[in-house]
There are 2 protein chains.
Amino acid sequence: MNENFTLSERGRRRVAIENVAPEIDAGIFAIKRTVGERVPVEADIFADSHDSLAAVLKFRHEKNPEWTETPMEFLTNDRWRGEFVVTELGNYFYTIEAWVDQFKSWRKDLQKKLDAGQNVSVELQAGIKLIEAAAQRATARDAENLLAWAKELSVGENVTGGSIEKRVMDEDLSELASRYPDRHFATKYEKELRVVVERELARFGAWYEMFPRSFGGFKGVEEQLPRIAKMGFDILYLPPVHPIGKSFRKGKNNSVKCAPGEPGSPWAIGSSEGGHKSIHPELGTLGDFKNLISRAKEFKIEIALDIAFQCSPDHPGVKEHPEWFRHRPDGSIQYAENPPKKYQDIVPFDFECDDWKNLWLELKSIFEFWIAQGVNIFRVDNPHTKPFAFWEWCLGELKAKNPELIFLAEAFTRPKPMYELAKLGFTQSYNYFPWRNSKDELEKYFTELTQSSVAEFFRPNLWPNTPDILAQSLQTDGRAAFAIRLILAATLGASYGIYGPAFELCENTPREPGSEEYLNSEKYKIKRWDLSAPQNLENLIARVNQIRRENPALQSNRNLKFHPTDNEQLIAYTKSNDDASDTILTVVNLSPHYRHSGWLTLPLAEFGLDQKKTFQMHDLLSDARYLWNGEKNYVELNPEKTSAHIFRLRRHVRTEHDFDYFA
Amino acid sequence: MNENFTLSERGRRRVAIENVAPEIDAGIFAIKRTVGERVPVEADIFADSHDSLAAVLKFRHEKNPEWTETPMEFLTNDRWRGEFVVTELGNYFYTIEAWVDQFKSWRKDLQKKLDAGQNVSVELQAGIKLIEAAAQRATARDAENLLAWAKELSVGENVTGGSIEKRVMDEDLSELASRYPDRHFATKYEKELRVVVERELARFGAWYEMFPRSFGGFKGVEEQLPRIAKMGFDILYLPPVHPIGKSFRKGKNNSVKCAPGEPGSPWAIGSSEGGHKSIHPELGTLGDFKNLISRAKEFKIEIALDIAFQCSPDHPGVKEHPEWFRHRPDGSIQYAENPPKKYQDIVPFDFECDDWKNLWLELKSIFEFWIAQGVNIFRVDNPHTKPFAFWEWCLGELKAKNPELIFLAEAFTRPKPMYELAKLGFTQSYNYFPWRNSKDELEKYFTELTQSSVAEFFRPNLWPNTPDILAQSLQTDGRAAFAIRLILAATLGASYGIYGPAFELCENTPREPGSEEYLNSEKYKIKRWDLSAPQNLENLIARVNQIRRENPALQSNRNLKFHPTDNEQLIAYTKSNDDASDTILTVVNLSPHYRHSGWLTLPLAEFGLDQKKTFQMHDLLSDARYLWNGEKNYVELNPEKTSAHIFRLRRHVRTEHDFDYFA
């Protein structure tokens, strides 16, 4: 033996498994699903020579040490595919195993030789050996069966059920023999890939944000529940509910001068009345908060809390743990800044301080405190200004105990850090939707979000407005603009949200021209909203949310597909469920000012439609029905009446063929 | 402390390094380079928040345990880039390290505060601390320098060389402080990626294949050396030179009946006269073979041998090691087959036999035997019918001892196994060039081969013909077709080869219509070639090879770029060296029958050309010169005269401005 000889048993594994998808960053990160969703997995699987291969997709829930196997199917060009369905919360793992299928290889060659009329007596003996070997690996009953086959084939020409040439190619035999393959030299894909399985609200839900203080606190919010439920929202998200600092408190319109009695920003957290685990006395008590959670549940609404890891200089933690904050060389505490801007009402935690481990534990315990009060959904403020490792650890620990938790990342940052936070465990994320307005911008961005590998780990939550963002598109174009952005958000995204009542009341005055801040923003002011105002969009919102609930196609993102129109102001897209039996076509006139019309092209075959048969488009917004024909159809939308169609495709249109006299 | 607390020091590493390129299959496989080539490396590098980052590309030769570092530069969208040059044969490793640059972050914020006219006295103190900390890490001289800076800045307003605001932003200080960063919490990319560095012939070379027996053996081949050298070939590749079996020997045109005296196929290896380590007596002795190697060297030609791991039934190994072959249930040895075809003159090795380790060692020793005789280049027959693990091991072991070895894979198989063999260690590969004829086919295929990650590990060697492949494109269209395919091969590929003299003599009769086999193929027959025939393409071949040698742009593949023409029969592409000072534009009329003309569009700016200045195109084939102007220029090619231009771009065209009276 050569002294450099380093061959191991690996030398006998002939199958290569490569280019597995989905697989995020070489398997470092998990993909995401919700309970009941499918996980299709593809891979390049091939060996040397021309043997037939077999491959299985293996999967298991983390609680189950045993793998379940499901066969993979050959597609083309050495690509194979399998899929499984996730049925439980938590983590699943998946991997692939593949091997040379000796029996199938033998059978394939035998068929060719039979077709060529060759004498196959020696080949038959080889096949019998393979069958006997399979019997050795088989369960008792199947082993008997296989041995019976081996015996029958070894007898010779005249056998049960026809000539030996016909019998040996029997499908049952093939299936039986391949069920007990020799997997001694099977190749196991070197990685076990992970799926995080979350509940349906992680994928599909409508969010409503409101400031409790503008409604007199938690009890006032309770009074709003019927209205919010009527509009069809699933989640009611509240900005921070904690005591607000007094030092450097910001006044109206973010003024550094604060008049007496001004309430301050809820994001300047902590005062002598308490910190992140306390409730602002003006909102009510912890008991009131828990009552709100219970009442909301009756309306099938969940309460989401805002977690902002930052302090007012008055936060009790600043005195108790000065070591958790950065200090300036003059001994003063370092306030937040984005030079040259200073935010002296805010003091950031120093995630890199020497006592970082205790700080991180304390921060995690803030989530744990609110989870104990019954909160399962959190909107996390500015996660991209805290270390990635913190989130990976913190969300990982929390979700291991509570897989039903949902975390929405307010990650308004560059694309790479935004996606990184999703990879690290955030359930959903804010994104660039507020700044994607034209047809081209929307198509490009939502194709990236839904049709690339991004869709495996990043779930966008679409907000036309937030307390920080009065998008330009809303500022000048009145009620139609709000309707357009609402319908885009609710139909492009399975998850979306609005900040109300600013949104439904079409509040659209910026602090100054060019700004995305609201004039007299609710962030620094208690507002009184006139919900009876005539422009209120409540009815449209209620209709849209009902359509979303009634049509499963709108409850996913990966099924989004854009379709060409010949007018740049008309955007059109479908969402379909797996078998395309439920297909929703949304067409939006992006102009809030002008009537636009044009021709829309649909790939009828993909929806199982006949080029020559009339089909019906049922507009779920207006309840109007249109008969369409062929792949090109005319659409016209006038923003004075409606800016969009949300069509449900109705396949069957009655014709005279349906009457029995026609048959 | 929480008992589940799993935080490690990793928690303090804030920088993420992802999406590194090149990186083949998560770093399992190496990329390829030749000595002197650059290795540009890119990665997504980002952290939370807005701090400035620094990143280095680290690389080392396998013999050197120490990393060399070169700074990476920020491109855009969190993408960074660095590069290094490989200068030695063997393996290099590369990886990335990145960290938060505290001094640069501080400096960036300071600049913004200064710009806003803020008081920065406290910030200055923080900066002095950073400078003092850098001094702690610096070499003696730089430490002194840094401490002098710290002292100067701590004195206050009036300092050497201007106001403190100006001094603190000094570029030298910045450079000096960033040279000694705190890398305690630097992120090291988790993988060390590999580059296999080979010699220039691995990337760039012209191959000539011929059957020695048609020239009377090795001595006859020696007589051909001046002619082959004059044509400009670098490598002379010989089909197997071993004794040929007699059992089931194939006759003329692959007939199963072999007339007495017919020589048989050189790929039916082994007889009573010896096996893979022996020479066919009719070709000469081992001494003659070694003489041929020496003589070839005088002509700067290297000899490449064909290694085909298969035997004639008469191979001595069949008797000595029956355990290395498969046996049929009737006890006979298993011949090669591709059902229903039988190749009874060939017996394959059983790479999976129980004694596989000894078999594999013996096969490796065949390479070692010929390496000992002075052969450094091997063309490997049908590697895709042997296990991938064999090649990974065998080529790995051989190249570890002889990094100058070159292996050309005759991997005519599906794309995935073809690429896999390249990943596993083959230097070059045959490919689908023989079957890519139309402009669209050529553009798509060569874009995949040269502009995707495939180019990092797969080096195509372009053969218009081989003894097995008389491509359809050559069969009907006469001499012009041969000229077209020659020029395409030699200019699209840095490595290419022809099987001669069949090629230069335009031999184009198939065995039967639709077949790619030659009629009276040299594989089964000794041929006598009439080199004085008028159609001999020697002169064109010599000219093309000279152009290749004189123009470095033609010696790479990754620099290939196609350019639009308005005629589907005219294909146009450039290759440029790194700074575009050497640019070759090839234009080929793909029709061997008809004159074609059209307008070609060139991206002038990419070649540093002015839209408004005339430039000269020098046709290196005809020596004609054309003045071109602007991005669109006219081209006309008549196959009766010439089927192609190989232009060298000559930038400067003299005008009256060049005369001093004009100034």
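Note: the structure precedes this text.
Presented here is a report on the structure given in the accompanying data block. (Residues numbered from 1 in each chain as written. Chains lettered and ligands numbered in written order. Predicted model: local features only at pLDDT ≥ 70, side-chain atom pairs only at ≥ 80, totals over all residues. Heavy atoms only, no water.)

## A word on the environment of N19(A)
All names here are of chain A.
Then, number 1: Its place among the elements puts N19 in strand β1 (residues 15-21).
Then, number 2: Relative accessible area serves as the criterion here: at 46%, N19 is assigned to the partly exposed category.
Then, number 3: C-alpha of N19 to C-alpha of L283: the two residues are 264 residues apart in sequence and 54 Å apart in space.
Then, number 4: What N19 contacts, discounting residues up to four positions off in sequence, is E42, A43, D44 and R79.
Then, number 5: For N19, the side chain forms a polar contact with the side chain of D44, separated by 3.3 Å. (Helix = DSSP H or I, 4+ residues; strand = E, 2+ residues; numbered from the N terminus. Buried < 20%, exposed > 50% of the residue type's maximum accessible area, 1.4 Å probe, protein only. Contact = heavy atoms within 4.5 Å. Polar contact = N/O pair within 3.5 Å; in protein donor to acceptor, adjacent residues only side chain to side chain.)

## Details of the pairing of strand β4 (residues 53-61) of chain B
Looking along a regular strand, one sees side chains alternate from face to face of the sheet.
Residue and element names in this part refer to chain B.
Then, number 1: Across the nine residues of β4, nine count as buried, placing the element largely inside the fold.
Then, number 2: Because side chains alternate across β4, one face comprises the buried residues L53, A55, L57, F59 and H61, and the other comprises A54, V56, K58 and R60, equally buried.
Then, number 3: Looking at chain direction, β4 and strand β8 (residues 90-100) are connected through nine bridges and run antiparallel. Paired with K58 across the two strands is T95, which belongs to β8.
Then, number 4: The pairing of β4 with strand β5 (residues 68-71) spans four bridges and is antiparallel. Considered in β5, the bridge of F59 is made with T68.
Then, number 5: Counting the residues in the hairpin turn of β4 and β5 gives six residues. (Pairing = 2+ DSSP bridges.)

## Some words on unusual backbone geometry
All names here are of chain A.
Then, number 1: The omega torsion of the bond from A21 to P22 falls at 0 degrees, within 30 degrees of zero and hence cis.
Then, number 2: Counting through the fold element by element, P22 comes out in the loop between β1 and β2 (31-34).
Then, number 3: Backbone torsion omega between G500 and P501 reads -10 degrees, so that peptide bond is classified as cis.
Then, number 4: Locating P501 in the fold gives a position in the loop between β26 (495-499) and α15 (538-550).

## Thoughts on the relation of the copies chain B and chain A
Then, number 1: Superposing chain B onto chain A takes a rotation of 180 degrees plus a shift of 0.0 Å along the axis, which leaves an RMSD of 0.0 Å. Such a combination of rotation and displacement between the chain copies is what one expects of a two-fold axis. By C-alpha distance to the rotation axis, the residue of chain B lying nearest is A26(B), at 2.8 Å.
Then, number 2: Looking at the interface residues of chain B, 100% of them are also at the interface in chain A, so both copies use one shared face. (Least-squares fit on C-alpha atoms with pLDDT ≥ 70 in both.)

## Some thoughts on the pattern of salt bridges
Two side chains that carry opposite charge are able to pair once their charged atoms sit near each other.
Then, number 1: Tallying each qualifying case throughout the model produces 115 salt bridges over all chains.
Then, number 2: With a closest N to O distance of 2.8 Å, D381(A) and R379(A) form a salt bridge.
Then, number 3: A residue is classified by how much of its surface remains accessible, and R379(A), at 3% relative accessible area, is buried.
Then, number 4: Here E517(A) ties to R511(A) by a salt bridge, and the two come within 3.6 Å at their closest N and O atoms.
Then, number 5: By sharing partners, the salt bridges in this structure join R14(A), D48(A), D51(A), R326(B), D350(B) and E352(B) into a single network. (Salt bridge = Lys/Arg side-chain N within 4 Å of Asp/Glu carboxyl O.)

## Notes on the side chain of K32(B)
Residues and elements named next belong to chain B.
Then, number 1: Along the chain, K32 turns up in strand β2 (residues 31-34).
Then, number 2: For K32, which is buried and forms no salt bridge, the nearest opposite charge comes from E198, at a distance of 5.7 Å.
Then, number 3: At a separation of 3.0 Å, a polar atom in the side chain of K32 contacts the main-chain carbonyl oxygen of F426.
Then, number 4: If we ignore the near neighbours within four places in the chain, the residues touching K32 are V195, V196, E198, A422, K423, F426, T427, E456, F457, R459 and R558. (Lys, Arg positive; Asp, Glu negative; His and termini not counted.)

## Focus on the packing of helix α7 (residues 218-231) of chain B against helix α16 (residues 538-550) of chain B
Residues and elements named next belong to chain B.
Then, number 1: One way to put it is that α7 packs onto α16 with a least axis distance of 7 Å and a crossing angle of 55 degrees. For the element pair α7 / α16, the angle class is oblique. Taking contact as the criterion, the partners of R227, K230 and M231 in α7 are, on α16, E538, I541, A542 and N545. (Axes fitted to C-alpha atoms, helices over the stretch in contact; angles between N-to-C directions. Parallel < 35°, antiparallel > 145°, perpendicular 65-115°, else oblique.)

## Digging into the sheet that holds strand β27 (residues 560-563) of chain A
Residue and element names in this part refer to chain A.
Then, number 1: With antiparallel pairing, the six strands of this open sheet are ordered in space as β27-β28-β29-β34-β31-β32. Single-partner strands in this sheet number two, and they are β27 and β32 (625-628). Ignoring which end each strand starts from, the neighbouring axes of this sheet average 30 degrees apart.
Then, number 2: Relative to strand β34 (residues 644-650), strand β29 (residues 583-589) is paired through five bridges, and the arrangement is antiparallel. Among the inter-strand pairings, T586 is bridged to a residue of β34, identified as I646.
Then, number 3: Contacts from helix α12 (residues 439-451) reach β27 and β28 (570-576), with the element oriented near 150 degrees to β27.
Then, number 4: In the packing of helix α14 (residues 478-492) onto the sheet, contacts are made with β27, β28, β29 and β34, and the angle to β28 comes to roughly 30 degrees.

## A look at helix α15 (residues 478-492) of chain B
Then, number 1: Given a rise of 1.5 Å per residue, 15 residues ought to cover 21 Å, and the 21 Å separating the end C-alpha atoms of α15(B) matches this to within 8%.
Then, number 2: Burial of α15(B) is extensive: 13 of the 15 residues sit out of reach of the surface. (Expected span 1.5 Å × (residues − 1).)

## A closer look at the interface of chain B and chain A
Then, number 1: Listed by partner, the interface residues are 68 residues for chain B and 68 residues for chain A.
Then, number 2: Both sides of the chain B and chain A interface together cover about 6,300 Å² of buried area, and 52% of this is carbon and sulfur.
Then, number 3: One can count 14 salt bridges joining chain B with chain A.
Then, number 4: Among the ionic pairs, E337(B) bridges to K113(A), the shortest N-O distance being 2.8 Å.
Then, number 5: Here chain B and chain A share 24 residue pairs in polar contact (both at pLDDT 80 or more) between them. (Buried area = accessible area lost by both parts, 1.4 Å probe.)

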